[in-house]
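# Tertiary structure, described
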Amino acid sequence: VLHAARPLHTTQRRSAPLPPLPEKGGEVRHGLIPEEFFQFLYPKTGVTGPYMLGTGLLLYFLSKEIYVINHETVAAICILSVIIYGVKKYGSHVAAFADKLNEEKVAKALAVKNEAIKDLETAIEQEKKEQWRVEGRGYLFDAKRNNIAMLLETNYRERLLTVYNEVKKRLDYQVAMQNLKRQKEQDHMIQWVEKNVVQSITPQQQKESIAKCILDLKALSKSAQAAV
Amino acid sequence: MNLSFFDQFTSPCFLGIPLILLSTLFPALLIPAPENRWLTNRLSTLQLWIIHLITKQLMIPLNKKGHKWALILTSLMVLLLTINLLGLLPYTFTPTTQLSMNMALAFPLWLATLLTGLRNQPSASLGHLLPEGTPTPLIPALIMIETTSLLIRPLALGVRLTANLTAGHLLIQLISTATITLLPIMPAVSILSTSILLLLTILEVAVAMIQAYVFVLLLSLYLQENI
């Protein structure tokens, strides 16, 4: 249980900025001995100093049998040669693999950033296009206005035609009525005249007319025979 | 230092102070702590990648409840890997050659899987004692056999690891003794045994890694059956 009588972590931990961490580790010679050791011995013993020291130490241990050569020596030689061979052959590949892992991490983050930038740029272009479209607004409205005027005109003319047709239908009806009436009157009159004429023909008149017709026919037939 | 063949397997002592705890915990010093930065150096990146690989491999077959075991299985794997690989260096002591240590790792973990299974799903756990599709007359015999195989699992786990590593180390010692003894007598045979030793060393590196993986894999398999 933490009893926080005073507030914790209220200020930054230090006032001075720290130097950035080094990017690579210290330089090493032969994979084991730091370069600083060689630089340390250089002023007194030159370039071969540390190597002489190493050889001397090794011979001292061997000759005084502080280090005894036994079966483990051979095993040591074997395992060390396997390790050194592995490191020399695959060391750079492993390092490149580790670098690739880091690169992929960075690339993923960069990809997100670039994606966002690209999306925003596309949005900007689309916005510019919209602004250009706005300039053509006037033409668009004029065309629409013309369209509507044409529609209205068409509608008006159609309705005019309808009115005309309706009126014509009614007038035709009246004309037809008059013609019918005239026709009926004429027929009736003809019928009445015929009836009266037929009634007025007495039987005497009928006989006389028939006899006359027969005489005419005889005369005609004589002249007709002559023609043949 | 006159070494006999079995000096490498004696638990290290210095002036009467047992150093076994130190030798078991020492590999933890070699593993860098996970750093608080986004892009780490090569070693930390590789370590993170390996741990991701191991954990993914172990946890994929397990269901959600089994993922509670992720930490212990992964850390066990890393411990065994480092201990086994460090044991190949000369004049080192490998804690996993001691049967006591391996049984101490295998027995409690196996018992934990068994008790988890018996506690949460007893009939399913006991059902594993009978494989599917056995003919009826064989059932009693098969249950006995399966029970025996279940109870022998911790012993097998521990002894497998111990035997593999002990045998490997012993073989290395023997062949290097032969090499060094034959060197003044028959140099040609000595060179032959050196080549054998090189191959054996490569084999031992592989065995060290494989045995660690097998140990943890079998534990995760026992867990799969019981969780």
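Whatever comes next refers back to the structure up there.
Nothing here was measured: the structure is a model prediction, and the numbers come from that model.

Turning our attention to the overall build of chain A. Secondary structure summary: chain A contains five helices and two strands in total. N-terminal to C-terminal, the α/β element order of chain A is β-β-α-α-α-α-α. The C-alpha radius of gyration computed for chain A amounts to 67 Å, which surpasses the reference 17 Å derived for 228 residues by more than 25%, pointing to a less compact arrangement than a globule.

Looking only at helices and strands, chain B features nine helices and two strands. Listing every helix and strand of chain B by position from the N terminus yields β-β-α-α-α-α-α-α-α-α-α. Across its three principal directions, the C-alpha atoms of chain B cover 65 × 55 × 40 Å. Looking at chain B residue by residue over its 227 residues, the buried ones come to 37%. Long-range contacts, defined as pairs at least 24 residues apart, comprise 72% of the intrachain contacts of chain B with a sequence gap of at least 6. Side-chain charges of chain B comprise 9 positive and 6 negative groups, with the mean position of each set lying 15 Å from the other.

Turning our eyes to something else, we now look at the pattern of salt bridges. For side chains bearing opposite charge, pairing can occur when the charged atoms are close. All names here are of chain A. On inspection of all chains with the given rule, the structure shows 10 salt bridges over all chains. One salt bridge in this structure joins Glu166 and Lys169, with 3.2 Å as the shortest N-O distance. A residue pair is termed a helical-turn pair when its members lie 3 or 4 positions apart in one helix, as Glu166 and Lys169 do in helix α4 (residues 137–200) at three residues.

According to the stated counting rule, one finds one cavity of 30 Å³ or more in the structure shown. Approximately 130 Å³ is the volume found for the largest cavity. Elements supplying a minimum of two residues to the lining of the largest cavity: α3 (71–135) of chain A together with α8 (153–182) of chain B. Take the lining of the largest cavity: its biggest share by element is four residues, from α3(A). For the lining of the largest cavity, the class distribution of residues is eight nonpolar, six polar and one charged.

Here we come to the nonpolar core. Counting 31 residues, the largest nonpolar core has B:Leu73, B:Leu76, B:Leu80, B:Leu157, B:Phe215, B:Val216 and B:Leu219 as the members making the most contacts within it. For this core, the elements supplying multiple residues, two or more each, are α3 (42–59), α4 (70–86), α5 (99–120), α8 and α9 (187–226) of chain B. Excluding residues that lie within four positions of it along the chain, B:Leu73 makes contacts with B:Leu58, B:Met59, B:Val216, B:Leu219 and B:Ser220. Membership of the second largest hydrophobic core comes to nine residues, among which are A:Val74, B:Ile172, B:Ile175 and B:Leu197.

For A:Glu65, which is not glycine, the phi torsion reads 55° and is therefore positive. At B:Tyr91, a position not held by glycine, the phi torsion is positive, near 60°. Here B:Tyr91 shows up in the loop between α4 and α5. Take B:Tyr91: its relative accessible area is 34%, and that puts it in the partly exposed class.

Right, let's get into the interface of chain B and chain A. Listed per partner, the contact involves 26 residues of chain B and 26 residues of chain A. Interface area, chain B with chain A, both sides summed: about 2,500 Å², of which 71% is carbon and sulfur. It is B:Trp38, B:Arg42 and B:Tyr91 in chain B that bury the most area against chain A; as a group they hold 22% of the surface buried on that side. Put simply, chain B and chain A have one salt bridge between them. Note that B:Arg42 and A:Asp99 form a salt bridge whose closest N and O atoms lie 2.9 Å from each other. Taken together, the residues that form the side of chain B that touches chain A break down as 16 nonpolar, eight polar and two charged.

This part takes up the environment of B:Trp110. Residue and element names in this part refer to chain B. Position of Trp110 relative to the elements: it lies in helix α5. Along the sequence, Trp110 and Phe5 sit 105 residues apart, while their C-alpha atoms lie 32 Å from each other. In contact with Trp110, not counting residues within four places along its chain, are Leu150, Leu151, Arg153, Pro154, Leu219 and Tyr222.

Axis angle and axis distance: for two packed helices, these are the angle between their axes and the distance between the axes, and together they describe the pair. Here α3(A) crosses α9(B) at 60°, and the two axes come no closer than 9 Å. Judged by the inter-axis angle, α3(A) sits oblique to α9(B). Classified by chirality, the crossing of α9(B) by α3(A) is right-handed. Listed contacts from α9(B) to A:Val74, A:Ala75, A:Cys78, A:Ile79, A:Ser81 and A:Val82 of α3(A) are B:Thr194, B:Leu197, B:Leu198, B:Thr201, B:Ile202 and B:Val205. For the contact of α3(A) with α9(B), the class distribution of residues is nine nonpolar, three polar and no charged.

Moving on: α5(B). Residue and element names in this part refer to chain B. Helix length check: α5 (22 residues) gives 31 Å between terminal C-alpha atoms against 32 Å at 1.5 Å per residue, within 8%. Those residues of α5 that sit buried are Met101, Asn102, Met103, Leu105, Ala106, Leu109, Trp110, Thr113, Leu114 and Gly117. The inward-facing, buried residues of α5 abut α1 (20–25), α4, α6 (122–127), α7 (139–151), α8 and α9.

Inspection of every chain in the model, using the stated rule, returns seven aromatic pairs over all chains. Between A:Phe37 and A:Phe38 the ring centres are 6.3 Å apart and the planes differ by 80°, which places this aromatic pair in the edge-to-face class. Centroid distance B:Phe107 to B:Trp110: 5.8 Å. Interplanar angle 50°. Geometry classified as tilted. Here B:Phe107 pairs with B:Trp110, and both are found in helix α5, just three residues apart, close to one helical turn. B:Phe107 sits in the partly exposed class, given a relative accessible area of 40%. Among the aromatic residues, those joined into a ring-pair cluster are A:Phe37, A:Phe38 and A:Tyr51.

What counts and how
Residues numbered from 1 in each chain as written. Chains lettered and ligands numbered in written order. Predicted model: local features only at pLDDT ≥ 70, side-chain atom pairs only at ≥ 80, totals over all residues. Heavy atoms only, no water. Helix = DSSP H or I, 4+ residues; strand = E, 2+ residues; numbered from the N terminus. Rg over C-alpha atoms; globule rule 2.2 N^0.38 Å. Buried < 20%, exposed > 50% of the residue type's maximum accessible area, 1.4 Å probe, protein only. Contact = heavy atoms within 4.5 Å. Lys, Arg positive; Asp, Glu negative; His and termini not counted. Charge placed at Lys NZ, Arg CZ, Asp CG, Glu CD. Salt bridge = Lys/Arg side-chain N within 4 Å of Asp/Glu carboxyl O. 1 Å grid on protein atoms, 1.4 Å probe; cavity = no way out; pocket = protein on both sides within 12 Å on 5 of 7 lines; lining within 4 Å. Points joined across faces, edges and corners; volume = space filled by probe spheres on them. Nonpolar A, V, L, I, M, F, W, Y, C, P; charged D, E, K, R; others polar. Core = buried A, V, L, I, M, F, W, Y, C linked by side-chain atoms within 4.5 Å. Buried area = accessible area lost by both parts, 1.4 Å probe. Axes fitted to C-alpha atoms, helices over the stretch in contact; angles between N-to-C directions. Parallel < 35°, antiparallel > 145°, perpendicular 65-115°, else oblique. Left-handed = near helix turned anticlockwise from the far one by under 90°. Expected span 1.5 Å × (residues − 1). Phe/Tyr/Trp six-rings, centres within 6.5 Å; stacked < 30°, edge-to-face > 60°.

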